[in-house]
Amino acid sequence: MKGYTSFGNLGTSSFANLAPAPASADEAEPWVRGELIRSLMRASRGSYIFSAALMPAVVGLAWGHVPMWQLMLWLALGAAITIGRMVFERVYTRRYAGRDASAQESFIHRYRHLWSASAFTWGVSVLLFFERVPLMNQFMSWLIVAGAATFPLNSLALHPPLLKRYVNTLFAAMMVSVFLRLVQLDFAQLHFNYGFLLLPMFHWWLLLRAGRRIHETARNSFELLFHNHILINSLTQQRQAAVSAVAMKNRFLASAAHDMRHPVLALSLYA
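Here is a short report on the structure shown in this document.

1. Some points on the environment of Met 86
Then, in step 1: Among the structural elements, Met 86 can be located in helix H4 (residues 68–95).
Then, in step 2: Once the C-alpha coordinates of Met 86 and Tyr 48 are considered, the two residues, 38 residues apart in sequence, prove to be 8.5 Å apart.

Next comes the structure, spelled out in structure tokens:
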């Protein structure tokens, strides 16, 4: 599974910008949750840029086969959502990136509809090409939609409620769009077998399963990083205590030697 191992690339770039880990083990869970959301936001930029770059490709594949107003309407909807996510990311970076996990989760929950809107836009894109463009163009369009569903997996898996919302919305909109096209065609003159509809369902299940694995891997990595930080702090404190003890011993010996020098010197002079 490609999605299972790709967190390593995300984690490498994310660990460089980690917030300082607290020194108390009681604060592990809030710190881990906060870092998961920070990593989500750092990785989400690539997903919506990738999504925006693919939209003209879908329009190009349907060009000349679908009324232009439908293509422009869908493209304008996608552009509006992309701009909304850019504004959302800027607000997060300025006001919430350094706050605690509860504040970040509240912010994500408040703007969760942006991800739903993005998923819905890609789901209804099926109406533009399914049984409306040549088979090769349909095949390419299906690949683009599959990529739009899979590419955000690494970032969305860091916050499971957001992943479920995105994946469920996208595939629900996709299946409804397929059903509407079948109704328009009266279930006749189709260029595919109905078994084809099992592929989106399998893809949906696969994304959710891979998302759970990525989330577990990410959480374990952050927890390990936190406990390593606690261990390093503990070792640093013990080293400082040992250095302080050695310094205290040296001061004691120096003081004792100084105090003993006077009577010894007096005895030597008397002798």
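After that view, the rundown keeps rolling.
2. Side note on the packing of helix H6 (residues 112–124) against helix H10 (residues 160–184)
Then, in step 1: In contact at an axis separation of 7 Å, H6 and H10 are set at 25° when each is read in the N-to-C sense. Considering the angle they form, H6 stands roughly parallel to H10. At the point where H6 passes H10, the crossing takes the right-handed sense. Residues Arg 112, His 113, Trp 115, Ser 116, Ser 118, Ala 119, Phe 120, Trp 122, Gly 123 and Val 124 of H6 touch H10, and the partners they reach there are Leu 162, Arg 165, Tyr 166, Thr 169, Leu 170, Ala 173, Met 174 and Ser 177.
Then, in step 2: Its residues assigned to classes, the contact of H6 with H10 shows 10 nonpolar, six polar and two charged.

3. Digging into the packing of aromatic side chains
Then, in step 1: One pass over the full model with this rule turns up 13 aromatic pairs.
Then, in step 2: Ring centres of Phe 50 and Phe 151 lie 4.2 Å apart, and the angle between their planes is 20°; this geometry places the pair in the stacked category. Note that Phe 50 is positioned in helix H3 (residues 28–62) and Phe 151 in the loop between helix H8 (135–150) and helix H9 (153–156), a separation of 101 residues in sequence.
Then, in step 3: The partly exposed category is assigned to Phe 50, whose relative accessible area is 28%.

4. Here's the deal with empty space enclosed by the protein
Then, in step 1: Taken as a whole and assessed by the stated rule, the structure comprises one cavity of 30 Å³ or more.
Then, in step 2: Around the largest cavity, the lining residues are Tyr 48, Ser 51, Met 55, Gly 78, Ile 81, Thr 82, Arg 85, Ser 118 and Thr 121.
Then, in step 3: Among the secondary structure elements, those contributing two or more residues to the lining of the largest cavity are H3, H4 and H6.
Then, in step 4: Per-element accounting of the lining of the largest cavity gives the leading share, four residues, to H4.
Then, in step 5: The residue inventory of the lining of the largest cavity, partitioned by class, reads three nonpolar, five polar and one charged.

5. Quick word on the pattern of salt bridges
Then, in step 1: Summed over the entire model, instances satisfying the criterion amount to four salt bridges.
Then, in step 2: For Glu 29, the salt bridge is made with Arg 219, and the minimal N-O distance between the two is 3.1 Å. Placement of Glu 29 in helix H3 and of Arg 219 in helix H11 (residues 198–270) is noted, with a sequence separation of 190 residues between them.
Then, in step 3: Its salt-bridge partner being Arg 219, residue Glu 223 comes within 3.6 Å of it at the nearest N-O pair. Pair noted here: Glu 223 and Arg 219 are both in helix H11, with a separation of four residues, about one helical turn.
Then, in step 4: Owing to a relative accessible area of 28%, Glu 223 belongs among the partly exposed residues under this scheme.
Then, in step 5: Overall, the relative accessible area of 19% leaves Arg 219 in the buried class.
Then, in step 6: Each of Glu 29, Arg 219 and Glu 223 takes part in one network of salt bridges that share partners.

Quick notes on the rules
- Residues numbered from 1 in each chain as written.
- Predicted model: local features only at pLDDT ≥ 70, side-chain atom pairs only at ≥ 80, totals over all residues.
- Heavy atoms only, no water.
- Helix = DSSP H or I, 4+ residues; strand = E, 2+ residues; numbered from the N terminus.
- Axes fitted to C-alpha atoms, helices over the stretch in contact; angles between N-to-C directions.
- Parallel < 35°, antiparallel > 145°, perpendicular 65-115°, else oblique.
- Left-handed = near helix turned anticlockwise from the far one by under 90°.
- Contact = heavy atoms within 4.5 Å.
- Nonpolar A, V, L, I, M, F, W, Y, C, P; charged D, E, K, R; others polar.
- Phe/Tyr/Trp six-rings, centres within 6.5 Å; stacked < 30°, edge-to-face > 60°.
- Buried < 20%, exposed > 50% of the residue type's maximum accessible area, 1.4 Å probe, protein only.
- 1 Å grid on protein atoms, 1.4 Å probe; cavity = no way out; pocket = protein on both sides within 12 Å on 5 of 7 lines; lining within 4 Å.
- Points joined across faces, edges and corners; volume = space filled by probe spheres on them.
- Salt bridge = Lys/Arg side-chain N within 4 Å of Asp/Glu carboxyl O.

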